[in-house]
Amino acid sequence: MPAPNIDFSLFYTAAELQRHMASLARWKPEMASLHVIGKSPAGRRILLLEITDPATGPASAKPAFFVHGNIHASEVSGSSSALYLAHYLLAHAQDDDATAALLRGAAFYICPRISVDGAEDALVQGRSVRSRDLPERRKNCIWPEDLDKDGRILQMRLPDPNGEWIAFDSDPSLLLQRLPGDEGGQRYRLTTEGLIHDWDGGPWNNPAGRYLDFNRNWGFNWRPPHQQSGAGRHSFSEPEMRAVADFLFDHTNIFGALGFHTGPAAVLRPPSAGGDSSMEKADLPLFRQLALLGSQITGFPGLAVAEYRSVFHDPSDYHGHFPDFGYKALGLLTFEIELGVLMNSAGCASSDIFKFTPQDLRQAERRLMAWRNAHLEEEVFVDWKPFDHPQLGPVEIGGWLPVGKANICRAQRVETWERARQFIFELARRAPRVEIHGLTAAPLGNGLFKVTCNVANDGFLSTSVTHAGINVQGVEGVIVEVERPPGVEFISGRNYTRLGHMAASSRQEMQWVLRCPARKRAKIDIIARAARAGQAAAAITLAG
């Protein structure tokens, strides 16, 4: 079957994304399998690709790296970047030594889109959605609706002498937040396209209801919505999040994880809250070093999540957040990549964005609009169009498309996906790896044999991955088993030994004394395994 024809610089609807993921699984069915791990409230499927080299064993018997994207609706770069990663693994499994080696020793679980309903709203309707909206029909509040029947629910602006937004004659399309000293211009009120529900003719309000932020719904350090906006009713309250959590808990072979996002470009490490003092001291140098490596590969700043903020704000505390869940709850090697926003494409560095004053932001918005005017083919902004609102009279509908503003421009995408792929490969190469070396059987006479081998962790991380992972329930350290045919007896040693977790580049000598029946040949299998370090096997034959 020829390679699927996928343009990774584009963003795809749910049906298109499903079609591309299925085509990858059909292209290399021996290496890739497509799984449905859950469904959204609207019935859309949450899809995951499992990729490994089956010649060296199934994915479940190898350390695995988990990648997810598009947990926030408008951040569709994550889906395309994850799709690019899956394609790269399959396309280069035979012709690139580094990729082939990774797939021999590890597996990848790739879930390109978690917010499957929200992304559809953002892509198809042009709506501004975090992960999912829960609108309420409340008296005197805007109810979102496609008034001009163009298939989208955009923004709506109307002249208002008290409006907080202002447009100047130099560019009447660009709405700017008011600043002290502004003179002239037209002030506007900005809201969502729609009708005022049950309006009594008096003052009215913006849309009512709640929103959900799936990246505040993870099951570590969760806080209720009045303390952490968008957190949901309880941790993993949303079916999409429960599906992902169940997958993570069910696959104890996962040693590392990375989430794709689209804020100002950055490589992010734990912690999400509490500062570096909240991490295990033994783990902090590792995460700092890898964040620096990620920065060198991507060209993005490498930061702790808590430092990903405006310099005018206190350190961030994100509760129910993925890096803390992955690291502190599961002990995984956990990172996020912010793939960038349109303002990055317009020439604003993330380090500058974090230092923007209100005046700087105004200049950046002007720069962004100038970039848009020079790149109309990107279709990131809908020109304001007059509309006779049945309740409010003359208004205009249009504005920035959330997907357009929340992602980098098309020309920069594939290059960015490639740099992200390189960083993920570097993380995946650090997997712990159980091996068996030097298996021998020395005859002792009278049918007795001394069987000896070394069980080693030849990987670059402990079999617990992190110090935080040592006591995670369900994540076994190294276990060594001896399989023998009937009649072979243990004189010393046992057929089942728990070695616990092993540091990187460490080894443990194992010895058994076995009795083999006279004039019999017996095959002895030694199997060593660890939840996050894979499995190794070696065999030797005893001749009684």
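Residues numbered from 1 in each chain as written. Predicted model: local features only at pLDDT ≥ 70, side-chain atom pairs only at ≥ 80, totals over all residues. Heavy atoms only, no water.

Thoughts on the overall build of the chain
In step 1: A count of helices and strands for the chain gives 12 helices and 26 strands.
In step 2: In the chain, which comprises 544 residues, the proportion classed as buried is 55%.
In step 3: Put simply, 72% of the contacts in the chain that link residues at least 6 apart link residues at least 24 apart.
In step 4: Split by element, the accessible area of the chain, about 23,200 Å² in all, is 48% carbon and sulfur. (Helix = DSSP H or I, 4+ residues; strand = E, 2+ residues; numbered from the N terminus. Buried < 20%, exposed > 50% of the residue type's maximum accessible area, 1.4 Å probe, protein only. Contact = heavy atoms within 4.5 Å. Areas by Shrake-Rupley, 256 points an atom, 1.4 Å probe, with all protein chains shown as cover.)

Re the packing of aromatic side chains
In step 1: Per the stated rule, a full pass over the model turns up 19 aromatic pairs.
In step 2: A ring pair is formed by F8 and Y84, whose centres lie 5.5 Å apart and whose planes are at 90°; its orientation type is edge-to-face. On the criterion of sequence distance, the pair formed by F8 in the segment before α1 (14-27) and Y84 in helix α2 (residues 77-91) is long-range, its members being 76 residues apart. For the pair F8 and Y84, a shared accessibility class is recorded, and that class is buried.
In step 3: Pairing Y109 with F247 gives two aromatic rings, centres 5.0 Å apart and planes at 85°, and the pair type is edge-to-face. Of the two residues, Y109 is situated in strand β4 (residues 107-111) and F247 in helix α5 (residues 239-250); the sequence distance between them amounts to 138 residues. Taken as a pair, Y109 and F247 share a single burial class, namely buried.
In step 4: Among the aromatic residues, ring-to-ring pairing joins F8, F65, Y84, Y88, F108, F255 and F425 into one connected group.
In step 5: The side chain of R421 reaches across the aromatic face of Y88, ending 3.9 Å from its centre. (Phe/Tyr/Trp six-rings, centres within 6.5 Å; stacked < 30°, edge-to-face > 60°. Lys NZ or Arg CZ within 6 Å of the ring centre and 35° of its normal.)

Here we look at the pattern of salt bridges
In step 1: The tally for this structure, following the rule as stated, stands at 29 salt bridges.
In step 2: Notably, a salt bridge pairs E240 with R132, separated by 2.4 Å at the nearest N-O pair. In this pair, E240 sits in helix α5 while R132 sits in strand β5 (residues 132-136), placing the two residues 108 residues apart along the sequence.
In step 3: Residue E240 is classed as buried on the basis of its relative accessible area of 1%.
In step 4: Among the ionic pairs, E396 bridges to R157, the shortest N-O distance being 2.9 Å. (Salt bridge = Lys/Arg side-chain N within 4 Å of Asp/Glu carboxyl O.)

Comments concerning the nonpolar core
In step 1: Ranked by internal contacts, the top residues of the largest apolar core, which has 64 residues, are F108, I110, L258, F260 and F335.
In step 2: In terms of residues, this core owes the most to one element, α2, which gives 8 residues.
In step 3: Residues contacting F260, with those up to four places away along its chain left out, are V67, H68, G69, N70, G78, S81, A82, I337, L339, A420 and I424.
In step 4: Judged by nonpolar contacts, the second largest core, of 28 residues, contains A59, I71, V116 and L330. (Core = buried A, V, L, I, M, F, W, Y, C linked by side-chain atoms within 4.5 Å.)

Structural notes on the sheet that holds strand β13 (residues 254-261)
Sheet strands line up and pair through hydrogen bonds in the backbone, either parallel or antiparallel.
In step 1: In spatial order, the strands read β1-β2-β4-β3-β13-β16-β14-β15; together these 8 strands make up an open sheet with mixed pairing. Each end of this open sheet is capped by a strand with a single partner; those strands are β1 (32-39) and β15 (302-304). When strand polarity is set aside, the average angle formed by the axes of neighbouring strands in this sheet is 20°.
In step 2: Here strand β14 (residues 266-269) runs beside β15; their pairing, made up of 3 bridges, is parallel. (Pairing = 2+ DSSP bridges. Axes fitted to C-alpha atoms, helices over the stretch in contact; angles between N-to-C directions.)

Brief notes about the packing of helix α6 (residues 284-298) against helix α12 (residues 410-428)
In step 1: Between α6 and α12, the least distance of the axes is 9 Å, while the angle of their chain directions is 150°. Relative to α12, the element α6 is oriented roughly antiparallel. Both α6 and α12 take part in a crossing whose hand is right-handed. Residues L290, L293, G294, I297 and T298 of α6 touch α12, and the partners they reach there are R419, Q422, F423, E426 and L427. (Parallel < 35°, antiparallel > 145°, perpendicular 65-115°, else oblique. Left-handed = near helix turned anticlockwise from the far one by under 90°.)

Focus on α1
In step 1: If you check α1, its first and last C-alpha atoms are 20 Å apart, about what 14 residues at 1.5 Å a residue would give, namely 20 Å.
In step 2: Residues of α1 that are buried make contact with β1, β2 (45-51), α2 and β4. (Expected span 1.5 Å × (residues − 1).)

Fair warning: the whole summary comes from geometry, so function is off the table for now.
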